[in-house]
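# Coordinate inspection notes
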Amino acid sequence: MHYLKAHSFDLLYPTNVLNTQKPKVLILYGSLRPNSISKKAAIEAGNILTYMGAKVKYFDPQDLPLFDHGANSEHPKVKELRDLVTWSEAQVWSSPELHGNMSAVLKNQIDWIPLSIGAVRPTQGKVLAVMQISGGSQSFNAVNNMRILGRWMRMLTIPNQSSVAKAYNEFNDDGTMKPSSYRDRMVDVMEELMRFTYLTRDHKSFLVDRYSERKAPVKQQAKLSSAMADIVESKTPSENKQVSCC
């Protein structure tokens, strides 16, 4: 391993004081319907997290433009979403399962979140919990695909997850969740999200410190970071147009 001799690997994190501030959690949901069950599930999760001591914010996907590779990157809803993602230390994604997958509404929100904004990677190293609701029998297609997205966004997706079957039977008229094993599982998931957030948020820079990125020259690494992003948005001096890599 002679090629590694010039490089050091600090694999033990130094002891430090635990950050006791309220964890900042962003919740995304995948429906535009006023009486959306995935939104009800998101609010239930948010209420659980608030009770556990988190600071919770929601993003309303209403009026978010369809993803267009950056042409609408200055849209107020896009800016709001990206600001919330940057603010967050952890996230919860809640989606209905439609045609065996997450909804287009949720996927559109994720598509608007770039892997990098300048030198900042807004999702890297942040904790993620995934949930889905189904109109029929219990399924895990949507949460499985959200896990793929979470990994692509360089997030730490917790092992536990929530999948609520026949979800129309699981909520009260006021939107709260009825007592059930599904509600118990949601509490389990939010508890696990809080624990992972407390464990990792102060160590994010340590966890994502990579040999290949330390090795690369600064300019080369900046170019690589841009190439790996889902969206590369820039304005040419002459045309003032936004371009995309994909």
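The coordinates are above.
Residues numbered from 1 in each chain as written. Predicted model: local features only at pLDDT ≥ 70, side-chain atom pairs only at ≥ 80, totals over all residues. Heavy atoms only, no water.

The next subject is the overall build of the chain. Each helix and strand in the chain was counted, giving 8 helices and 6 strands. Ordered by position from N to C terminus, the α and β elements of the chain give β-α-β-α-β-α-β-α-β-β-α-α-α-α. Here the chain displays about 13600 Å² of accessible surface, and carbon together with sulfur accounts for 55% of that area. (Helix = DSSP H or I, 4+ residues; strand = E, 2+ residues; numbered from the N terminus. Areas by Shrake-Rupley, 256 points an atom, 1.4 Å probe, with all protein chains shown as cover.)

Examined against the element boundaries, glutamate 44 turns out to sit in helix α1 (residues 37–51). Within the buried core, glutamate 44 has no salt-bridge partner, and the shortest N-O distance to an opposite charge, that of arginine 183, equals 5.2 Å. Ignoring anything within four residues of it in the chain, the contact list for glutamate 44 reads Gly175, Thr176, Met177, Arg183 and Met186. (Buried < 20%, exposed > 50% of the residue type's maximum accessible area, 1.4 Å probe, protein only. Lys, Arg positive; Asp, Glu negative; His and termini not counted. Salt bridge = Lys/Arg side-chain N within 4 Å of Asp/Glu carboxyl O. Contact = heavy atoms within 4.5 Å.)

Counting 27 residues, the largest nonpolar core has Val25, Leu49, Val92, Met190 and Leu193 as its most contacted members. Among the elements that make up this core, the one with the highest residue count is α1 (6 residues). Not counting chain neighbours up to four residues away, the residues in contact with valine 25 comprise Leu49, Ala54, Lys55, Val56, Lys57, Trp87, Ala90, Gln91, Val92 and Leu193. Ranked by size, the runner-up nonpolar core spans 23 residues in total, among them Ile110, Ile113, Val130 and Met146. (Core = buried A, V, L, I, M, F, W, Y, C linked by side-chain atoms within 4.5 Å.)

This paragraph deals with the pattern of salt bridges. A complete count under the given rule lists 6 salt bridges for this structure. Between aspartate 209 and arginine 214 there is a salt bridge; the shortest N-O distance is 3.3 Å.

Any aromatic ring pair is given by two values, namely how distant the centres are and how the planes are angled relative to each other. In this structure the tally under the stated criterion is 1 aromatic pair. An angle of 85 degrees between the planes, with centres 5.2 Å apart, marks the rings of phenylalanine 67 and tryptophan 112 as edge-to-face. Taken as a pair, phenylalanine 67 in the loop between β2 (55–59) and α2 (76–87) and tryptophan 112 in the loop between α3 (104–111) and β4 (127–133) lie far apart in primary sequence, 45 residues in all. Using a relative accessible area of 0% as the deciding quantity, one classes tryptophan 112 as buried. It is lysine 57 that lies over the ring of tryptophan 87; its NZ or CZ is 4.5 Å from the centre. (Phe/Tyr/Trp six-rings, centres within 6.5 Å; stacked < 30°, edge-to-face > 60°. Lys NZ or Arg CZ within 6 Å of the ring centre and 35° of its normal.)

A few words on helix α4 (residues 141–152). In an α-helix, one turn spans 3.6 residues; hence positions three or four apart end up facing the same way. Relative to the 16 Å expected for 12 residues at 1.5 Å per residue, α4 spans 17 Å between its end C-alpha atoms, a close match to the ideal helical length. Listed as buried for α4 are Ala142, Val143, Met146, Leu149 and Gly150. Here the buried residues of α4 occupy an arc of 110 degrees about the axis, which is enough to place them on one side. Residues of α4 that are buried in the fold lie against β3 (90–96), α3, β4, β5 (156–157) and β6 (162–164). (Expected span 1.5 Å × (residues − 1). Arc of directions from axis to C-beta.)

Further remarks concern the environment of methionine 131. In this fold, methionine 131 is placed in strand β4. For the pair methionine 131 and proline 96, spaced 35 residues apart in the sequence, the C-alpha separation amounts to 8.6 Å. Dropping the residues within four chain positions of it, methionine 131 is found in contact with Ala41, Ala42, Ala45, Val92, Trp93, Ser94, Ser95, Val143, Met146, Ser162, Met186 and Met190.

Let us now look at the side chain of glutamine 91. Tracing the backbone shows glutamine 91 in strand β3. Residue class for glutamine 91 comes out buried when judged on its relative accessible area of 0%. In this structure, glutamine 91 is in contact with Val25, Leu26, Leu28, Val85, Thr123, Val127, Leu128, Ala129, Met155 and Leu193, ignoring residues within four places of it in sequence.

Looking now at unusual backbone geometry. Non-glycine residue aspartate 63 carries a positive phi angle of around 75 degrees. Residue placement: aspartate 63 occurs in the loop between β2 and α2. A relative accessible area of 58% places aspartate 63 in the exposed class. The backbone phi angle of lysine 166 is positive, close to 40 degrees, even though this residue is not glycine.

Moving on, we get to the pairing of β3. Taken across its 7 residues, β3 has 7 buried, putting it largely inside the fold. Alternating residues of β3 divide into Ala90, Val92, Ser94 and Pro96 and Gln91, Trp93 and Ser95, and every residue in both groups is buried. Alignment of strand β1 (residues 24–29) against β3, held across 5 bridges, turns out to be parallel. Counted as the bridge partner of valine 25 is alanine 90 from β3. Across 7 bridges, β3 lies against β4 in parallel orientation. Each residue of the ladder has a partner; that of serine 95, found in β4, is glutamine 132. (Pairing = 2+ DSSP bridges.)

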